Amino acid sequence: MNKKLGELIRGLRKKKGVSLRALAKQVGVSFVNISYIENGRIKTSQEVLKKISKALDYDLDKLLSLADKVDDEIKNIINKMPAEVPDFLRTAKNLSKKEWQELTEQIKNKKSNKS
């Protein structure tokens, strides 16, 4: 299972002052389920992670990454361009965080100039 994911969720929940039961109610699962997730005893679904992300106001992609999952929107992008996206990622894999940010800004600017 995934201890890092569970520890992150527990830390976020406690930082927000949210009880296990309150989070469970927001997510629509039992408090035991949340406890098992936090303790790394079970894997959870992408849908539950989406609800946890929303309830704790945390980046969904970061949660999904820790759970070794990919958002459906990202899967759809990859499926639309099955050769181009992996090639792009392999080409860009050694970029620094700053270089990724600059590249993202360039793409956003290019996209906005087309509009």
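Described in the following lines is the structure provided in the data block. (Residues numbered from 1 in each chain as written. Predicted model: local features only at pLDDT ≥ 70, side-chain atom pairs only at ≥ 80, totals over all residues. Heavy atoms only, no water.)

1. Here we look at the environment of Leu56
Mapping Leu56 onto the fold places it in helix α4 (residues 46–56). The spacing of Leu56 and Gly11 is 45 residues in sequence and 10 Å in space, taken between C-alpha atoms. Excluding its chain neighbours within four sequence positions, the residues that come into contact with Leu56 are Ile9, Leu12, Arg13, Lys16 and Leu23. (Helix = DSSP H or I, 4+ residues; strand = E, 2+ residues; numbered from the N terminus. Contact = heavy atoms within 4.5 Å.)

2. Here we look at a nonpolar patch on the surface
Together, Phe31, Val32 and Tyr36 make up a nonpolar patch on the protein surface, roughly 220 Å² of accessible area in all. With respect to the helices and strands, Phe31 occurs in helix α3 (residues 31–38). For Phe31, a relative accessible area of 32% puts it in the partly exposed group. (Patch = residues over 30% accessible without salt bridge, like charges linked within 9 Å, V, L, I, M, F, W, Y side chains within 5 Å. Areas by Shrake-Rupley, 256 points an atom, 1.4 Å probe, with all protein chains shown as cover. Salt bridge = Lys/Arg side-chain N within 4 Å of Asp/Glu carboxyl O. Buried < 20%, exposed > 50% of the residue type's maximum accessible area, 1.4 Å probe, protein only.)

3. Here's the deal with unusual backbone geometry
Phi angles above zero are rare outside glycine, and Asp57 is one such case at about 50 degrees. Classification of Asp57 by relative accessible area gives exposed; the value is 64%. Residues other than glycine seldom take positive phi values, yet Asp68 does so here, at roughly 55 degrees. Mapped onto the elements, Asp68 comes out in the loop between α5 (60–66) and α6 (72–80).

4. Brief notes about the nonpolar core
Within the largest apolar cluster, 16 residues are counted, with the highest numbers of intra-cluster contacts made by Leu5, Ile9, Leu23, Leu49, Ile52 and Leu56. Contributions of two or more residues to this core are made by α1 (3–16), α2 (20–27), α3, α4 and α5. When residues in this core are grouped by element, the largest group, 4 residues, is from α4. If sequence neighbours within four positions are ignored, Leu5 has contacts with Leu49, Leu63, Leu66 and Ala67. (Core = buried A, V, L, I, M, F, W, Y, C linked by side-chain atoms within 4.5 Å.)

5. Brief notes about the packing of aromatic side chains
Tallied over the entire structure, the rule returns 1 aromatic pair. For the ring pair Phe88 and Trp100, a centre distance of 6.2 Å and an interplane angle of 85 degrees mean the geometry is edge-to-face. Within this pair, whereas Phe88 is found in helix α7 (residues 84–92), its partner Trp100 is found in helix α8 (residues 97–114), the two being separated by 12 residues in sequence. Since its relative accessible area comes to 38%, Phe88 is described here as partly exposed. Judged by relative accessible area, which is 29%, Trp100 ranks as partly exposed. The ring of Phe31 carries Arg21 above its face, with NZ or CZ at 3.9 Å from the centroid. (Phe/Tyr/Trp six-rings, centres within 6.5 Å; stacked < 30°, edge-to-face > 60°. Lys NZ or Arg CZ within 6 Å of the ring centre and 35° of its normal.)

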